[in-house]
Amino acid sequence: MTMLAANWSLADALAEEEARFTAANPRSRERALAAAAVMPGGNTRTVLHYTPFPLAFARGEGATLTDLDGHTYRDFLGEYSAGLYGHSHPVIVAAAKRAIEGGIVLGGPNMYEAKRAAAIAARFPSVERIRFTNSGTEANLMALVTAIAATGRSRVLGFRGGYHGGVLTLKPGVPTNAPFEFVLARYNDLASVEALLREGADQFACAIVEPVMGGAGAIPATSEFLRGLRDLTTRHGILLIFDEVMTSRHGAGGVQGLLGITPDLTTFGKYLGGGFSFGAFGGRAELMDRYDPYRPDAFAHAGTFNNNVTSMATGYAGLTEVFTPAVAEALYARGERLRGRLNAAAVAAEVPVRATGLGSMIGIHPTDRPIITAEDAPEAKESRALIHLALIARGIYIARRGFMTLSLPQTPEDDDALVAAFADVLRTHARVLRDHAAAHVAA
Ligand SMILES: Cc1ncc(COP(=O)(O)O)c(C=O)c1O
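Residues numbered from 1 in each chain as written. Predicted model: local features only at pLDDT ≥ 70, side-chain atom pairs only at ≥ 80, totals over all residues. Heavy atoms only, no water.

Engineer: Explanation requested: the overall build of the protein chain in the structure shown.
Structural biologist: From N to C terminus, the protein chain includes 14 helices and 18 strands. Taking 443 residues into account, the globule formula puts the C-alpha radius of gyration at 22 Å, and the protein chain, at 22 Å, falls close to it. Principal-axis analysis of the C-alpha atoms places the extent of the protein chain at approximately 70 × 55 × 45 Å. Per-residue burial over the protein chain gives 53% buried out of 443 residues. The contacts in the protein chain between residues at least 6 apart in sequence include a share of 73% that link residues at least 24 apart. On the protein chain, roughly 18,600 Å² of surface is accessible, and the fraction owed to carbon and sulfur atoms is 56%. Side-chain charges of the protein chain comprise 42 positive and 44 negative groups, with the mean position of each set lying 1 Å from the other. (Helix = DSSP H or I, 4+ residues; strand = E, 2+ residues; numbered from the N terminus. Rg over C-alpha atoms; globule rule 2.2 N^0.38 Å. Buried < 20%, exposed > 50% of the residue type's maximum accessible area, 1.4 Å probe, protein only. Contact = heavy atoms within 4.5 Å. Areas by Shrake-Rupley, 256 points an atom, 1.4 Å probe, with all protein chains shown as cover. Lys, Arg positive; Asp, Glu negative; His and termini not counted. Charge placed at Lys NZ, Arg CZ, Asp CG, Glu CD.)

Right, here's the structure in full:
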């Protein structure tokens, strides 16, 4: 593709990418317009919206997606990490079929859920007991209310830019958040936590942290930060919640396993449901046993689909037959290599774009400055849109904000194709990306 970018601004380059995208995707555009008649903006999941309109997919197979206009893409979004097994893994498909054929809505305990619980507990040693939910959001809501009820304290320590679910977005001015008493510190900055605790540590029920910030752009916590947080929370009787909804895929036992840190509660979701709706919260027996319904003072936790047979069966089959510890470690190593290759390509192109992340979570950012906290990741909407649409034009599907996760059916050719497409995008748009990053630094 030739871009007449020599004297163009970022806005011009983006307009050209958008025009190309619109011309190439009439069916996706039609779908978006028709859907908008009954769904606000044609959307039911904010994160899937982007301009000029999102691609809609007709099907997925392995690690490939086909859109309504017949283009195929290498799927590097991986359904925001829930798509670890890809779109048609035979073990997952067989487990789902078996489960469905055995009855869909049994309305009682089934033969999958306890095996499923044991399989997770075996991988995540901090999990002595676990309960299931339908989403990561719900898992975090449950972990928070558990901590508040168990401690009798009301405040929750979170981190600016943190994302714990649709009603738990930790940035200012979100009118649809659940009404928890969040107090926010700076990610990767223990001094900011200490400063908040000095003002009244005994009011905090818990601290909740993503070991790698996902929504903020694949920003990993340092081990010193997470260890320090463990020490501080222990010292003040504050429960520590690791939100491993995304990061449980790192190594055999999540980031807690990699670092040997034991949170009081952990929340899970995404791929652990085998690709079906899923969430879970678990941790210390003493806390979780408050939900033991044999107890006269038991806390209640409901959810019609908590033990739905498809998520229970596919999640179990995936974790025990496919995503074994060895496979998990190999995926982590593959992600580390791929991130290194993307950064090498950006350095070679002399374009201030960098990849952050850990293992199989990668974030592309239009800056070459260090990204330690959410505030360091530039919003840079136009640069992000340009990179996104230019990658789509080259057959690579990622999130608008540059987020990617790897999946198991991908091959070395997929990784090579991503690196080649990324390098080509940077070469094609080098000047406008450089200008824009420079303007951002100056501002
Ligand atoms: C770290 C983290 N926590 C919680 C959630 C919410 O999970 P769900 O979308 O299943 O509600 C997400 C989703 O992206 C997440 O990344």
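Moving on, there is more to tell.
Engineer: How should helix α1 (residues 10-24) be read in this particular structure?
Structural biologist: Given a rise of 1.5 Å per residue, 15 residues ought to cover 21 Å, and the 21 Å separating the end C-alpha atoms of α1 matches this to within 8%. All of the buried residues along α1 are L10, A13, L14, E17 and F21. On an axial view of α1, the arc spanned by its buried residues comes to 95 degrees, and they lie on one face. (Expected span 1.5 Å × (residues − 1). Arc of directions from axis to C-beta.)

Engineer: Hey, could you run me through the packing of aromatic side chains in this one?
Structural biologist: What characterises a pair of aromatic rings is the spacing of the ring centres plus the angle enclosed by the ring planes. Tallied over the entire structure, the rule returns 16 aromatic pairs. A ring pair is formed by Y73 and Y397, whose centres lie 6.4 Å apart and whose planes are at 55 degrees; its orientation type is tilted. Residue Y73 is found in strand β3 (residues 72-75), and its partner Y397 is found in strand β17 (residues 396-397); the two are separated by 324 residues along the sequence. Sitting over the face of the ring of F204, R155 holds its NZ or CZ atom 5.9 Å from the ring centroid. (Phe/Tyr/Trp six-rings, centres within 6.5 Å; stacked < 30°, edge-to-face > 60°. Lys NZ or Arg CZ within 6 Å of the ring centre and 35° of its normal.)

Engineer: Quick question: what am I supposed to make of the site of the ligand here?
Structural biologist: Around the ligand, the neighbouring residues are S135, G136, T137, N140, Y163, H164, G165, E210, D243, V245, M246 and K270. Contacts to the ligand include T137, whose side-chain N or O atom sits 2.5 Å from an oxygen atom. One of the side-chain N or O atoms of K270 is found 2.8 Å from an oxygen atom in the ligand. Relative to its unbound accessible surface of 390 Å², the ligand loses 84% to contact with the protein. In terms of residues, the shell around the ligand owes the most to one element, helix α5 (residues 136-151), which gives three residues. Along the lines of polarity and charge, the residues of the shell around the ligand split into three nonpolar, six polar and three charged. (Near = heavy atom within 4 Å. Polar contact = N/O pair within 3.5 Å; in protein donor to acceptor, adjacent residues only side chain to side chain. Nonpolar A, V, L, I, M, F, W, Y, C, P; charged D, E, K, R; others polar.)

Engineer: What exactly am I supposed to notice about unusual backbone geometry here?
Structural biologist: The omega torsion across T51 and P52 is 0 degrees, close enough to zero to call that bond cis. Looking at the secondary structure, you find P52 in the loop between α2 (26-35) and β1 (57-61). Unusually for a residue other than glycine, A380 sits at a positive phi of about 35 degrees. By secondary structure assignment, the location of A380 is in the loop between β16 (361-365) and α12 (381-393). Classification of A380 as buried rests on a relative accessible area of 14%.

Engineer: Can you walk me through the pattern of salt bridges in this structure?
Structural biologist: Between side chains of opposite charge, a pair can form when the charged atoms approach closely. Scanning the model with the defined rule gives 19 salt bridges in all. What you see here is one network of salt bridges that share partners, running through R230, D264, R284 and E286. (Salt bridge = Lys/Arg side-chain N within 4 Å of Asp/Glu carboxyl O.)

Engineer: It is not clear to me how the sheet that holds strand β9 (residues 204-209) should be interpreted in this structure. Could you clarify?
Structural biologist: Strand order in the open sheet made by the seven strands is β4-β14-β13-β12-β9-β5-β8, with mixed pairing throughout. The sheet terminates laterally at β4 (129-133) and β8 (181-185), the two strands that pair on one side only. The sheet shows a mean angle of 25 degrees between the axes of neighbouring strands, taken without regard to direction. When strand β12 (residues 239-243) meets strand β13 (residues 265-269), the two strands line up parallel, connected through three bridges. When the sheet's bridge partners are listed, D243 is paired in β13 with T267. (Pairing = 2+ DSSP bridges. Axes fitted to C-alpha atoms, helices over the stretch in contact; angles between N-to-C directions.)

Engineer: What is the right way to read the pairing of β9 from this model?
Structural biologist: Along a regular strand, successive side chains alternate from one face of the sheet to the other. Counting buried residues in β9 gives six out of six residues, a clear majority hidden from the surface. Relative to β9, strand β5 (residues 155-159) runs parallel, the two sharing three bridges. Among the inter-strand pairings, L157 is bridged to a residue of β9, identified as A207. In this sheet, β12 lies alongside β9 in parallel orientation, the contact comprising four bridges.

Engineer: I keep staring at the sheet that holds strand β2 (residues 64-67) and nothing clicks. Help me out?
Structural biologist: Two orientations exist for strands paired in a sheet by backbone hydrogen bonds: parallel and antiparallel. In space, the four strands of this open sheet follow the order β1-β2-β3-β17, with mixed pairing throughout. The two strands at the open ends of the sheet, each matched to only one other strand, are β1 and β17. Sheet analysis places β3 next to β17, joined by two bridges and oriented parallel. Within the sheet, the bridge partner assigned to R74 lies in β17 and is I396.

Engineer: Sorry if this is basic, but what is going on with empty space enclosed by the protein here?
Structural biologist: A full pass over the atoms with the stated rule returns three cavities of 30 Å³ or more. The computed volume of the largest cavity comes to approximately 60 Å³. In terms of lining residues, the largest cavity is bounded by V47, L48, H49, Y50, L77, Y80, H388, Y397, I398, A399 and R400. Along the lines of polarity and charge, the residues of the lining of the largest cavity split into eight nonpolar, two polar and one charged. (1 Å grid on protein atoms, 1.4 Å probe; cavity = no way out; pocket = protein on both sides within 12 Å on 5 of 7 lines; lining within 4 Å. Points joined across faces, edges and corners; volume = space filled by probe spheres on them.)

Engineer: Is there a simple way to explain the packing of helix α3 (residues 90-101) against helix α10 (residues 309-322) in this structure?
Structural biologist: Look at α3 against α10: their axes get within 8 Å of each other, and the N-to-C directions meet at 145 degrees. The two elements α3 and α10 meet at a crossing, and its hand is right-handed. Contacts between α3 and α10 involve V91, I92, A95, A96, A99 and I100 from the former and V309, T310, A313, T314, A317, G318, E321 and V322 from the latter. Of the residues that constitute the contact of α3 with α10, the class distribution is 10 nonpolar, three polar and one charged. (Left-handed = near helix turned anticlockwise from the far one by under 90°.)

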